[in-house]
Amino acid sequence: ASLELGLYSHFMQKEIHEQPQAVAATAEVFLDGGFVPENFGSNAREVFQSINSIKILACGTSYYAALTAKYWLESIAKIPTDVEIASEYRYRDVIADPQQLVITISQSGETLDTMEALKYAQSLGHCHSLSVCNVMESALPRASSLVLYTRAGAEIGVASTKAFTTQLVVLFGLAVTLGKLRGHIDAEREHAHTEALRQLPGSIQHALNLEPQVAAWAQKFAQKSSALFLGRGIHYPIALEGALKLKEITYIHAEAYPAGELKHGPLALVDENMPIVVIAPNDALLDKVKANMQEVGARGGELFVFTDLDSHFEAAQGVHLIRTPRHTGALSPIIHSIPVQLLAYHAALARGTDVDKPRNLAKSVTVE
Ligand code: G6P
């Protein structure tokens, strides 16, 4: 293992740092070939023209990629999308719509609940399925009519990192492809999306360079027993992913809330002992997030804010800031995944847990 790890201490650390290359390799499909349906299979054009909506099924981190994709699919492609945890969907009485495209997302391609959910959908009459997967020829792509592989390379750490960000690249590419096909994207917009994708690996590298600052925050988190992650809109799934990473590898209790829901419960937990991570890039909801932060600050909560260049935040008493150095527009959730991964990783190091093999968890869950 030490040979494979090179200069890194853990696979998770290595995989976090591989993200610029993994994302570049995955984006190449769209950068070289354009946003064309054929990237997803030879008959994808016909399928994409016939669908009226999308259902995404997944588990774990892949489910959070699905939640993020919903925002892109509805705002860029204007296609109604719902997202469901595979282990819930497969036992539910579903009203199936054969014109709906069923997407499964899975790093391993072998997660039993996701596989069974796909089979269930197919048994109900769904005939169009797309697999977004990292392992070639695994069960899910084999059972799906369309596939686009992420090119993350082997992921060893149980806590998923590069598989997640590459899934997001594929799903963003899908949204642009569908948006173009359905006439919602003109040449100028398409060009802007292409450029954003082209610059993404560099922006991820900038975010990785924040590691020393994030590691300093992580020392404080390592001593806590609980943490709250907040986000709004497309950054809410990133708050969920941040909380999942932290609990998986540090065993610190963490939960995520859409910041607007604070007042309906979690505000009661806030005191000086519970750090609050806020994903707060400059987007249409920034002012709302700032108001939510004031509610927390007024109750003595210590805020750790990930934001970007021109969001006009000032660090203050009880408000710590780390700024990602570039603006990435629609791809902002991908960039903000990086610091929450680093935060969990360094908090785990400080606590001395088994980062790559957290207790009770498996990389690929092929049992019920
Ligand atoms: C396990 C892994 C997670 C992963 C989830 C779904 O819980 O520990 O990292 O997100 O399974 O796995 P999949 O291979 O379907 O993406």
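Relevant structure appears above.
None of these values were measured; they are calculated from a predicted model.

### Re the environment of Pro258
Turning to step 1, where the next piece is worked out: If you trace the backbone, Pro258 turns up in strand E7 (residues 253-258).
Turning to step 2, where the next piece is worked out: When the 18 C-beta atoms within 10 Å are taken as the criterion, Pro258 is described as partly exposed.
Turning to step 3, where the next piece is worked out: For the pair Pro258 and His235, spaced 23 residues apart in the sequence, the C-alpha separation amounts to 8.7 Å.
Turning to step 4, where the next piece is worked out: When sequence neighbours within four positions are dropped, the list of residues in contact with Pro258 reads Gly231, Arg232 and Tyr236.

### Observations concerning the pairing of strand E2 (residues 81-85)
A regular strand carries its side chains on alternate faces of the sheet.
Turning to step 1, where the next piece is worked out: Here strand E1 (residues 53-58) pairs with E2 via five bridges, running parallel. The partner of Ile56 across the bridge, within E2, is Val83.
Turning to step 2, where the next piece is worked out: On the question of chirality, the crossover connecting E1 to the parallel E2 by way of helix H5 (residues 60-75) is right-handed.

### Topic: the nonpolar core
Turning to step 1, where the next piece is worked out: Ranked by size, the top nonpolar core spans 116 residues in total, and within it Leu171, Ala175, Val278 and Leu343 carry the most contacts.
Turning to step 2, where the next piece is worked out: Apart from residues no more than four positions distant in its own chain, Leu343 is found in contact with Val214, Trp217, Ala218, Phe221, Gly242 and Leu246.

### Notes on the site of the ligand
Turning to step 1, where the next piece is worked out: Near the ligand lie 16 residues; those nearest to it are Gly60, Thr61, Ser106, Ser108 and Thr111.
Turning to step 2, where the next piece is worked out: Of the residues belonging to the shell around the ligand, the class tally is five nonpolar, ten polar and one charged.

### Considering the environment of Asp356
Turning to step 1, where the next piece is worked out: Residue placement: Asp356 occurs in the segment after helix H14 (332-351).
Turning to step 2, where the next piece is worked out: With eleven residues separating them along the chain, Asp356 and Tyr345 place their C-alpha atoms 9.7 Å apart.
Turning to step 3, where the next piece is worked out: The residues touching Asp356, leaving out its near neighbours within four places in the chain, are His10, Phe11, Met12, Ile156, Gly157 and Val158.

### A closer look at the sheet that holds strand E5 (residues 146-149)
Turning to step 1, where the next piece is worked out: Judged by pairing direction, the sheet is parallel, and its five strands sit side by side in the order E2-E1-E3-E4-E5 without closing on themselves. The outermost strands of the open sheet, each flanked by one partner alone, are E2 and E5. Strand after strand, the sheet turns through a mean of 20 degrees between neighbouring axes, direction not considered.

### Regarding the sheet that holds strand E6 (residues 226-231)
Turning to step 1, where the next piece is worked out: Read from one edge to the other, the open sheet built from five strands follows the order E7-E6-E8-E9-E10, with strand pairing classed as parallel. Whereas interior strands pair on both sides, the edge strands pair on one side only; in this sheet they are E7 and strand E10 (319-324). Averaged over all adjacent pairs, the angle separating strand axes in this sheet is 20 degrees, with direction ignored.
Turning to step 2, where the next piece is worked out: Relative to E7, E6 runs parallel, the two sharing six bridges. Along E7, the bridge assignment pairs Gly231 with Pro258.

### Re the environment of Cys59
Turning to step 1, where the next piece is worked out: Following the sequence through the fold, Cys59 ends up in the loop between E1 and H5.
Turning to step 2, where the next piece is worked out: Residues within four places of Cys59 in sequence aside, it is in contact with Ile85, Ala86, Ser87, Thr111, Asp113 and Thr114.

### Considering the packing of helix H3 (residues 19-33) against helix H10 (residues 187-208)
Turning to step 1, where the next piece is worked out: H10 packs onto H3 with a crossing angle of 170 degrees between their chain directions and a minimal axis gap of 8 Å. As judged from the angle between their axes, H3 and H10 are roughly antiparallel. Residue-level inspection shows Gln19, Pro20, Val23, Ala24, Ala27, Phe30 and Leu31 of H3 in contact with H10, the latter providing Thr194, Leu197, Arg198, Leu200, Pro201, Ile204 and Gln205.
Turning to step 2, where the next piece is worked out: Taken together, the residues that form the contact of H3 with H10 break down as ten nonpolar, three polar and one charged.

### As for unusual backbone geometry
Turning to step 1, where the next piece is worked out: One non-glycine residue, Lys78, adopts positive backbone phi at about 55 degrees.
Turning to step 2, where the next piece is worked out: Assignment of secondary structure puts Lys78 in the loop between H5 and E2.
Turning to step 3, where the next piece is worked out: C-beta crowding within 10 Å serves as the criterion here: with 14 such atoms nearby, Lys78 is assigned to the partly exposed category.
Turning to step 4, where the next piece is worked out: The phi angle at Asn360 is positive, at roughly 70 degrees, despite the residue not being glycine.
Turning to step 5, where the next piece is worked out: Mapped onto the secondary structure, Asn360 falls in the segment after H14.

Here is what the cut-offs are and how they apply
- Residues numbered from 1 in each chain as written.
- Predicted model: local features only at pLDDT ≥ 70, side-chain atom pairs only at ≥ 80, totals over all residues.
- Helix = DSSP H or I, 4+ residues; strand = E, 2+ residues; numbered from the N terminus.
- Buried ≥ 20, exposed ≤ 12 C-beta atoms within 10 Å, placed from the backbone.
- Contact = placed C-beta atoms within 7 Å.
- Pairing = 2+ DSSP bridges.
- Right-handed = clockwise from strand over helix to strand, strands pointing away.
- Core = buried A, V, L, I, M, F, W, Y, C linked by C-beta atoms within 7 Å.
- Near = placed C-beta within 6 Å.
- Nonpolar A, V, L, I, M, F, W, Y, C, P; charged D, E, K, R; others polar.
- Axes fitted to C-alpha atoms, helices over the stretch in contact; angles between N-to-C directions.
- Parallel < 35°, antiparallel > 145°, perpendicular 65-115°, else oblique.

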